[in-house]
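Residue strings, one per chain:
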Amino acid sequence: MSDKQPQISIVIPLYNEAAGFNLLIDRLNQLIKNSEYSIEVILVNDGSRDKTPLLMNELALTDHHYQCVFLARNHGHQLALTAGLTYVNCSEAVFIIDGDLQDPPELLGHFYEKYKEGYEVIYGIRRKRKEGAVKKFAYWFYYRLLKNISSIDIPLDSGDFALLSRRVVDHLNAMPERSRFIRGMRTWIGFRQTGLEYERDARSAGEAKYTFKMLFNLAYNGIFNFSEFPVKFITRLGMLTMIGAFIFFVYVVIKMYLIGGVPPGYASLFLAISIFSGVQLLALGLIGEYVLRIYDQVRARPLFIVDKVIKNKELQQRG
Ligand code: UDP
Ligand code: MG
């Protein structure tokens, strides 16, 4: 790369990816060599406990295409990605991929063509998953649920694998929300967006770094950040309880006067309990709605803590 600004930045979060590291770098080097545009790579070490930081250190010191960001601890994939996005130097677009080669870096060319056509968000749509049946079903179900309940139109079966224009990344960087669901945020930003189908490969090496709990949290954030479903659900439940209680009350009154056989005091007791538990749920839902909004506003901690950054030499010289 000459000392001019790179056109494309590739951002890759890494958590304990030492096993597949060399293969990843080989594939990236090939891509850098064969592309007609200039590329920089930003690797983010998300508090790995294996040899990943060591390998990254060595690479950043010897190859100026690579810039390495080291987080102070494991912040999770979405925040590691967020950190990487704040260090990009590119003039045109940012390519986001996983460090396990599940998203083939070689597809950059196809994505870039779409960028040239004027699209600002080009996301990968997984045509086939090489994963277990249960995980596949969970993903399938979740994306469809989210689409139905969310307030924005998040595309089906697309993860964070995407090419984003520089301006979209600047907007993402300016969004201060703490619990980040990047695939939702990039949809929310807008501009011209399109999807490209691709076949998601199996992991190059090692185990999946997303544990069940992490996947659950990500899914949970998607629902809470991009829909009002939970709060609306509890409010509706409260209303339903009240309506149910009222109908039952009418039934008891009719039975009492026309048919008989209802012990005295039963109706009023039942009515008081059921109506008020409905009211309580309703009130909780309403308070929840406000807490949710305040919570959204108040979170003001930094999103991540950076330990150190090794910038590529040419950029360092330019300050
Ligand atoms: N990752 C990360 N921090 C974490 C977990 C994962 O940076 O806490 C990275 C991981 O190294 C990989 C990417 O996020 O580059 C996707 O992780 P993984 O392959 O485990 O997710 P999956 O493909 O199963 O969704
Ligand atoms: Mg993976």
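Residues numbered from 1 in each chain as written. Chains lettered and ligands numbered in written order. Predicted model: local features only at pLDDT ≥ 70, side-chain atom pairs only at ≥ 80, totals over all residues. Heavy atoms only, no water.

A. Local environment of the pairing of strand 2 (residues 39–45). Among the seven residues of strand 2, seven are classified as buried, and the element is accordingly described as predominantly covered. Residues Ile39, Val41, Leu43 and Asn45 of strand 2 are buried on one face, and the alternating residues Glu40, Ile42 and Val44, pointing to the opposite face, are buried as well. Pairing of strand 1 (residues 8–14) with strand 2 involves seven bridges; the strand directions are parallel. Counted as the bridge partner of Pro13 is Val44 from strand 2. The parallel pair strand 1 and strand 2, bridged by helix 1 (residues 18–34), forms a crossover whose chirality is right-handed. Taking the sense of rotation as the criterion, the β-α-β connection linking strand 2, helix 2 (residues 52–62) and strand 3 (residues 66–71) turns out right-handed. (Buried < 20%, exposed > 50% of the residue type's maximum accessible area, 1.4 Å probe, protein only. Helix = DSSP H or I, 4+ residues; strand = E, 2+ residues; numbered from the N terminus. Pairing = 2+ DSSP bridges. Right-handed = clockwise from strand over helix to strand, strands pointing away.)

B. Focus on helix 9 (residues 229–259). Taking 1.5 Å per residue as the helical rise, helix 9 with its 31 residues ought to reach 45 Å, and the 43 Å between its terminal C-alpha atoms agrees with that figure. Among the residues of helix 9, Val231, Thr235, Gly238, Ala245 and Val252 are the ones counted as buried. Trailing helix 9 by a residue or two, Gly260 shows a phi angle of about 85°, which is positive. (Expected span 1.5 Å × (residues − 1).)

C. Summary view of the side chain of Arg183. You can see Arg183 is positioned in helix 7 (residues 182–189). Side chain to side chain, Arg183 and Asp160 meet in a polar contact 3.1 Å long. In this structure Arg183 touches Gln78, Tyr143, Ile154, Ser158, Gly159, Asp160 and Leu218, once residues within four positions along its chain are discounted. (Polar contact = N/O pair within 3.5 Å; in protein donor to acceptor, adjacent residues only side chain to side chain. Contact = heavy atoms within 4.5 Å.)

D. Up close: the site of ligand 1. Every one of the 20 residues lining ligand 1 counts as a neighbour, but Glu17, Asp46, Asp100, Gln102 and Lys209 are closest to it. A distance of 2.6 Å separates an oxygen atom of ligand 1 from a polar side-chain atom of Gln102. Here ligand 1, which alone exposes 530 Å², has 97% of that area covered by the protein. For the shell around ligand 1, the elements supplying multiple residues, two or more each, are strand 1 and helix 5 (133–149). Among the residues making up the shell around ligand 1, the classes are represented as seven nonpolar, five polar and eight charged. (Near = heavy atom within 4 Å. Areas by Shrake-Rupley, 256 points an atom, 1.4 Å probe, with all protein chains shown as cover. Nonpolar A, V, L, I, M, F, W, Y, C, P; charged D, E, K, R; others polar.)

E. Broad picture of the packing of aromatic side chains. With the rule as written, the count across this model stands at eleven aromatic pairs. Ring geometry for Tyr112 against Tyr115: centres 5.7 Å apart, planes inclined by 20°, an arrangement best described as stacked. Taken together, the residues span about one helical turn, with Tyr112 and Tyr115 both in helix 4 (residues 108–116) at a distance of three residues. Comparing Tyr112 with Tyr115 shows no difference in burial state: the two are buried. Taking 6.2 Å as the distance between ring centres and 20° as the angle between the ring planes, the aromatic pair formed by Phe137 and Phe141 counts as stacked. Residue Phe137 and its partner Phe141 are located together in helix 5, separated by four residues, close to a single helical turn. When its relative accessible area of 45% is taken as the criterion, Phe141 is described as partly exposed. Aromatic ring contacts, followed pair by pair, group Phe95, Phe111, Phe161 and Tyr198 into a single cluster. Lying across the ring of Tyr119, Arg192 places its NZ or CZ 4.4 Å from the centre. The positively charged end of Lys308 is found above the aromatic ring belonging to Phe70, 4.7 Å away from the centroid. (Phe/Tyr/Trp six-rings, centres within 6.5 Å; stacked < 30°, edge-to-face > 60°. Lys NZ or Arg CZ within 6 Å of the ring centre and 35° of its normal.)

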